Amino acid sequence: IRHGLLAAAEEVARNLCRTAYNTVVYEIHDYGIGIHDVRGDVVADAPGIAVFTRGNDAGIKHSMEFLGVETMEPGDVFIINFPYWSSAHTLDPLVFAPIHVEGVLIGFASCRVHVTDLNQKDPGYVLDSTDRSQEGLMLPASKLYRRGVRNDDVFNIIRFNSRMPKHTIGDIQAQVSACVTGVRRTQEL
């Protein structure tokens, strides 16, 4: 089981690297991939940036508390980049999906990457912000997909708050695809 979960996490990473727009994802492996238990604790990860993976636990746990576990349904995919809940800055959004088997929540698949733009004060990376709003668009735990159906409201908020919407949305969709892979492989196991 342990090796099956590790293999699932590795496949999530390969999927992400094949579909991401951002070169730091597929060249430098600047990501955090995790398979988590029902409490949100990581049980398997793929080599990337270790601090990202540990932050994924916190983001999932805060999201469970904020939204309620009972609202997390099969086919849902969430995004969170609120720094006080997700243990990272706004340009490192966490995307995660609940894993259900026979209608029972058993865990989560997660993926965090650095996206290029979420309307922060400077294009690229912000190192000298003096105010929280200079960090860019902040999303509490929000459903990108509801029961497998894309939530265009959230995608449009992101799209209209980015200088590079094609790349930003592309990277977020790569995260979604990666998480869906993690859900499927864990369910198969």
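> It is not clear to me how the sheet that holds strand S2 (residues 42-46) should be interpreted in this structure. Could you clarify?
Backbone-to-backbone hydrogen bonds join strands into a sheet, with any given pair of strands oriented parallel or antiparallel. In space, the seven strands of this open sheet follow the order S2-S1-S5-S4-S3-S6-S7, with antiparallel pairing throughout. Two strands in the sheet have a free side with no partner beyond their single neighbour: S2 and strand S7 (149-150). Both strand S3 (residues 77-80) and strand S4 (residues 94-101) contribute to a ladder of three bridges, which runs antiparallel. Bridge assignment links Ile79 to a residue of S4, and that residue is Val95. Along the sheet face, helix H6 (residues 165-188) touches strand S1 (31-37), S3, S4, strand S5 (104-113), strand S6 (142-146) and S7 and points at about 25 degrees away from the line of S4.

> Sorry, what's going on with the side chain of Asn15 here?
Of note, Asn15 is situated in helix H1 (residues 2-19). You can call Asn15 buried: its relative accessible area is 9%. For Asn15, the contacting residues outside a window of four places in its chain are Ser177, Ala178 and Thr181.

> Would you take a moment to explain the packing of H1 against H6 for this structure?
A pair of packed helices can be characterised by two numbers: the angle between their axes and the separation between those axes. At a minimum axis distance of 8 Å, the contact between H1 and H6 shows a crossing angle of 155 degrees. Classified by the angle between their axes, H1 and H6 sit roughly antiparallel to one another. For the pair H1 and H6, the sense of crossing is right-handed. Residues Leu5, Ala8, Glu11, Val12, Asn15, Leu16 and Thr19 of H1 form the contact with H6, whose own contacting residues are Gly170, Ala174, Gln175, Ser177, Ala178, Thr181, Gly182, Arg185 and Thr186. For the contact of H1 with H6, a count of residues per class yields six nonpolar, eight polar and two charged.

> Where do I start with the environment of Asn156 in this structure?
Structurally, Asn156 is set in helix H5 (residues 152-159). Of the residues examined, Asn156 reaches a relative accessible area of 32% and is grouped as partly exposed. Taking the C-alpha atoms as reference points, Asn156 and Ile169, 13 residues apart in sequence, are found 9.4 Å from one another.

> Sorry, what's going on with a nonpolar patch on the surface here?
A cluster of nonpolar side chains, contributed by Val101, Val104 and Ile106, occupies part of the molecular surface with about 210 Å² of accessible area. Structurally, Val104 can be placed in strand S5.

> How should the pattern of salt bridges be read in this particular structure?
Pairs may arise between side chains of opposite charge once their charged atoms sit close together. Under the criterion given, the structure shown has 12 salt bridges. We note a salt bridge from Arg39 to Asp37, for which the minimum N-O separation is 2.8 Å. Overall, the relative accessible area of 53% leaves Arg39 in the exposed class. Note on Asp37: relative accessible area 15%, which makes it buried. One salt bridge connects Asp152 with Arg150, and the closest N-O pair in it is separated by 2.7 Å. Sharing partners across several salt bridges, the network here consists of Asp37, Arg39, Asp41 and Lys61.

Definitions and cut-offs
- Residues numbered from 1 in each chain as written.
- Predicted model: local features only at pLDDT ≥ 70, side-chain atom pairs only at ≥ 80, totals over all residues.
- Heavy atoms only, no water.
- Pairing = 2+ DSSP bridges.
- Helix = DSSP H or I, 4+ residues; strand = E, 2+ residues; numbered from the N terminus.
- Contact = heavy atoms within 4.5 Å.
- Axes fitted to C-alpha atoms, helices over the stretch in contact; angles between N-to-C directions.
- Buried < 20%, exposed > 50% of the residue type's maximum accessible area, 1.4 Å probe, protein only.
- Parallel < 35°, antiparallel > 145°, perpendicular 65-115°, else oblique.
- Left-handed = near helix turned anticlockwise from the far one by under 90°.
- Nonpolar A, V, L, I, M, F, W, Y, C, P; charged D, E, K, R; others polar.
- Patch = residues over 30% accessible without salt bridge, like charges linked within 9 Å, V, L, I, M, F, W, Y side chains within 5 Å.
- Areas by Shrake-Rupley, 256 points an atom, 1.4 Å probe, with all protein chains shown as cover.
- Salt bridge = Lys/Arg side-chain N within 4 Å of Asp/Glu carboxyl O.

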